[in-house]
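Below, each chain spelled out in residue letters.
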Number of protein chains: 2
Amino acid sequence: MPQSHDATALQLRSLVSEGGELELSLAKVPIPVPDDDEILVRIEATPINPSDLGLLLGPADLSTAKVTGSGDEAVVTARIPPAMMRALAGRVGQSLPVGNEGAGVVVGAGASLAAQSLMGKTVAILGGAMYAQYRTVKAADALALHDDATPRDGASCFVNPLTALGITETMRREGHTALVHTAAASNLGQMLVKICLKDGIELVNVVRSPNQVAMLKELGAKHVCDTSQPGLMDELIAALTETGATIGFDAIGGGRLAGQILSGMEVAAGRKSGGAYSRYGSTTHKQVYIYGGLDTGPTELSRGFGMYWGLGGWLLTGFLIKIGPAEAARLRQRVADELKTTFASHYTREISLAEALQPEIMAAYNKRATGEKYLINPSKGLDA
Amino acid sequence: MPQSHDATALQLRSLVSEGGELELSLAKVPIPVPDDDEILVRIEATPINPSDLGLLLGPADLSTAKVTGSGDEAVVTARIPPAMMRALAGRVGQSLPVGNEGAGVVVGAGASLAAQSLMGKTVAILGGAMYAQYRTVKAADALALHDDATPRDGASCFVNPLTALGITETMRREGHTALVHTAAASNLGQMLVKICLKDGIELVNVVRSPNQVAMLKELGAKHVCDTSQPGLMDELIAALTETGATIGFDAIGGGRLAGQILSGMEVAAGRKSGGAYSRYGSTTHKQVYIYGGLDTGPTELSRGFGMYWGLGGWLLTGFLIKIGPAEAARLRQRVADELKTTFASHYTREISLAEALQPEIMAAYNKRATGEKYLINPSKGLDA
């Protein structure tokens, strides 16, 4: 009986101790009772995104992982390198729930019409603490899926789809007409290829291997540049000249790539203007947003791209606040409408909450291999 | 007779030859005849700004400078390191006039009322080709100085004063309330200290020696951080916390300073919010604009400052276009009104056009020593 005040359910917790250990456990928490405007969702699918791993595992050294207890009582601990503890000071001693997004079935609802109308439906939800069996959210924040969609279909409705749509939307709002994307073979990158094909946007994909080039070309991508090839800059400049892309989204962050993209855009802008000399470079504004940190090393910019340029951080949350709820709802509805086509996600393996605490499985989902993604099903391995 | 079609006058020219030599000479060019809406200015004072040196000398190795001819016929040549020639491809073979700004007396005017009303006045003008004895400009673009101002007073009315005003104006327009400035002991930096004191803006000055700290404190500066001291980051964080500065203007460009400012702002923002943990850092937007390149090396960013940040180029020309002619006129009028106080410039030495081509003088003005500035007086050493 999910709505009983006494019932408890499992919620995954991540704790960094003062002594420098990461501790993952399954807490038994009361099943929450929805307020009037809320629904109670039984979560059946919640992905492990790269953006979840930071909070889940931090910089722990998984080769030191040790398990005590078993089943739902298991606790896994791992050492955190002492040099990393300073950056974690803000979370030491706090038992934190994890999981940005998920999907499941509405099994309880508050008195409001909005909440009641969702009873029994499959919904996708966002907001943290999704690695749990139950979660309440405001009815207005849930995305009702079409009737033929399962929780697995809808597990990744927000982070990747809205980031991909946020990228093309930011491009348009800032007055650009074509764009560059790095780490373009990712799940998100594949969605972006499909969105751009559908919406007629020219996209320059940057990947790091010939296999990834082939995979994106298979999806219909026209411009794919491979950082593993010596001719990268020439290839990039040619693609930037042909597309006129003057905005880029970079998931890598560290190293020289963001600056190389700005330099390439500047060369392309110079070719277009026919080459009147200016010490300050072209007057074409060139922008790169860093939205991820696959390379955590420093970003290095040669600044050989004139004075009209910008580099900045980009975060989905900030973008959604900026565009406001009506626009955000429009983007979310597009995700629901194209859930099985443009926004289809693929998972390597479905695991239970208890399995998420097994060291060999932790090592696997922490690899962040392109195209590999784990899905937690909190209802797996439990009695119905 | 300046308005005769036959009369000629001197204009300094800079040429980069295909063979890799810089060549400076004084061309004899016809004295231009003003159109209806133009005035003819006899230039009597034009500064050598850091922003002029790039076009004037390029990356030439002045230790190789050789002079042929003498007086106004002198030609000075110097070798350009072969590795630098690629970046100069756009200007090879073009004999380019130099000099961003200057001031002088209106000695000719077109038929329009606006032009005629400036006859005999001392004006400041902007737009290149100022290292010359005469220059025509549109009457509307000239800044008429107050009657007690000399051309020397008005020589540097635009680049430094408008950049300094552009900095505080950009701060306000982008929603910040206090600011950081690097290379703060420069002529421009001293103006900025005076503007901020007058306008009640909290300013964090970053300089590179104890002497410069003392000099700015003398001017009334409250926060001065010294990059030559080991406690720089602590000092910077304390000043950023106290002022709440979330925008910075960096004249240095290369190295780690721009990133250190962003990191310091992030720490200050975290202290203010009281420290609720977020992996994405604070939601305070932190911005640094690079407007100069005293260090031409790469910019290195650690990115330890969350996701709400921006770094970009800032150029006076682009700023003036963005704010439009009415706002630009308001800023220019403030320069004229405060020419002998807030915007007073100091010069190390006044030289003639011919002296600007003497190797030992070239070496002196090319040093770009803080607080040293050369002024060219094109009417110097000539018969009236």
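What you see is a predicted model; the values in this text were computed from it and never measured. (Residues numbered from 1 in each chain as written. Chains lettered and ligands numbered in written order. Predicted model: local features only at pLDDT ≥ 70, side-chain atom pairs only at ≥ 80, totals over all residues. Heavy atoms only, no water.)

## What to know about the overall build of chain A
Operational definition: Secondary structure follows DSSP: runs of H or I at least 4 residues long count as helices, runs of E at least 2 residues long count as strands, and numbering of each begins at the N terminus. Three labels apply to residues, based on accessible area from a 1.4 Å probe with only protein chains included: buried if under 20% of the type maximum, exposed if over 50%, partly exposed otherwise in between. By definition in these notes, contact holds between two residues if any of their heavy atoms fall within 4.5 Å. The method behind every accessible area is Shrake-Rupley, applied with a 1.4 Å probe, and residues are considered shielded solely by the protein chains displayed. We score Asp and Glu as negative and Lys and Arg as positive, and we do not count His or the chain ends. Charge positions are represented by NZ for Lys, CZ for Arg, CG for Asp and CD for Glu.
Along chain A, the regular secondary structure elements total 10 helices and 20 strands. Relative to its full complement of 384 residues, chain A shows a buried share of 55%. Sequence separation of at least 24 residues holds for 72% of the intrachain contacts in chain A that already meet a minimum separation of 6. As displayed, chain A has an accessible area near 16100 Å², and 53% of this comes from carbon and sulfur atoms. Here chain A holds 34 positive side-chain charges and 39 negative ones, and the gap between their average locations is 6 Å.

## Quick word on the relation of the copies chain A and chain B
Which entries qualify depends on this criterion: A residue counts toward the fit only if its pLDDT is at least 70 in both copies, and the copies are then superposed by least squares on the C-alpha atoms of those residues.
For the pair chain A and chain B, the best superposition has an RMSD of 0.0 Å and corresponds to a rotation of 180 degrees with a translation of 0.0 Å parallel to the axis. Here the two chains are linked by the operation of a two-fold rotation axis. Taken together, the interface assignments show that 100% of the residues at the interface of chain A recur at the interface of chain B, consistent with an identical surface on both copies.

## Thoughts on the packing of aromatic side chains
For any pair of aromatic rings, geometry is given as the distance between the ring centres together with the angle between the planes. Residues and elements named next belong to chain A. What counts, and what does not: Here a pair means two rings of Phe, Tyr or Trp (six-membered ring of Trp) with centres within 6.5 Å. Their orientation is stacked below 30 degrees between planes, edge-to-face above 60, and tilted elsewhere.
Applying the stated criterion to the full structure yields 10 aromatic pairs over all chains. When the ring of F305 is compared with that of W309, the centres are 5.1 Å apart and the planes differ by 75 degrees; the resulting orientation is edge-to-face. The two residues F305 and W309 agree in class, both being buried. Taken together, the ring pairs in this structure connect F249, Y289, W314 and F319 into an aromatic cluster.

## As for the environment of B:Q94
Residues and elements named next belong to chain B. The condition that has to hold: In protein, a polar contact means a hydrogen-donor-capable atom and an acceptor-capable atom, both N or O and within 3.5 Å, with residues adjacent in sequence counting only if both atoms are side-chain atoms; elsewhere, any N or O pair within 3.5 Å suffices.
Of note, Q94 is situated in the loop between β5 (75–79) and β6 (96–97). Sequence-wise, Q94 and S17 are 77 residues apart; in three dimensions their C-alpha atoms are separated by 8.2 Å. Excluding residues that lie within four positions of it along the chain, Q94 makes contacts with S14 and L15. Looking at Q94, its side chain comes within polar contact range of the main-chain oxygen of G90, at 2.8 Å.

## A short note on the sheet that holds strand β4 (residues 61–68) of chain A
All names here are of chain A. To keep things clear, this is the line we draw: One bridge is not enough; two strands pair if DSSP finds at least two bridges between them. To get an axis, a line is fitted to the C-alpha atoms, and for a helix only the part in contact is used. The angle between two axes follows their N-to-C directions and goes from 0 to 180 degrees.
Read across the sheet, five strands follow the order β4-β5-β2-β1-β6 without closing on themselves; strand pairing throughout is antiparallel. Strand pairing shows two members of the sheet lacking a second neighbour, β4 and β6 (96–97), which therefore form its edges. Looking at chain direction, strand β1 (residues 8–16) and β6 are connected through two bridges and run antiparallel. Residue pairing across strands places R13 opposite P97, the latter belonging to β6. Most of the contacts of helix α1 (residues 50–57) go to strand β2 (residues 21–30), to which it runs at about 95 degrees, and overall it touches β1, β2, β4 and β6.

## Examining the side chain of A:Q260
All names here are of chain A. Mapped onto the elements, Q260 comes out in helix α8 (residues 257–273). Residue Q260 is classed as buried on the basis of its relative accessible area, which comes to 17%. Once residues within four sequence positions are removed from consideration, Q260 is found in contact with L232, M233 and L236.

## What about the environment of B:M130?
Structurally, B:M130 is set in the loop between β8 (122–126) and β9 (134–138). In this structure the C-alpha to C-alpha distance between B:M130 and B:A115, which are 15 residues apart in sequence, comes to 19 Å.

## Focus: the environment of A:G102
All names here are of chain A. Relative to the helices and strands, G102 resides in strand β7 (residues 101–109). Expressed as a C-alpha distance, the spacing of G102 and Y289, which sit 187 residues apart in the sequence, is 27 Å. With sequence-adjacent residues up to four places away left out, G102 is seen in contact with A45, T46, V123, A124, I125, M130, G154 and A155.

## Observations regarding helix α4 (residues 159–173) of chain A
Residue and element names in this part refer to chain A. To be explicit about the condition: Multiplying one less than the number of residues by 1.5 Å gives the expected span of a helix.
Relative to the 21 Å expected for 15 residues at 1.5 Å per residue, α4 spans 20 Å between its end C-alpha atoms, a close match to the ideal helical length. Extensive coverage of α4 is indicated by the burial of 13 of its 15 residues. Following α4 by one or two positions, G175 has its phi on the positive side, about 85 degrees.

## Let's talk about the packing of helix α4 (residues 159–173) of chain B against helix α9 (residues 316–337) of chain B
All names here are of chain B. Condition: Here is the rule for angles: anything less than 35 degrees is roughly parallel, anything more than 145 is roughly antiparallel, 65 through 115 is roughly perpendicular, and the remaining ranges are oblique. For any helix crossing, the convention is left-handed if the near helix is rotated counterclockwise from the far helix by under a right angle, and right-handed if that rotation is clockwise. Residue polarity is assigned by list, with Asp, Glu, Lys and Arg as charged and Ala, Val, Leu, Ile, Met, Phe, Trp, Tyr, Cys and Pro as nonpolar; anything else, Gly included, falls into the polar class.
α9 packs onto α4 with a crossing angle of 110 degrees between their chain directions and a minimal axis gap of 10 Å. Here α4 lies roughly perpendicular to α9, going by the angle between them. Considering how the two elements wind past one another, α4 and α9 form a crossing that is right-handed. From α4, V159, P161, L162, T163, L165, G166, E169, T170 and R173 reach across to α9, where they touch L316, F319, L320, I323, E327, R330, L331, R332, R334 and V335. When grouped by side-chain class, the residues that make up the contact of α4 with α9 number 10 nonpolar, three polar and six charged.

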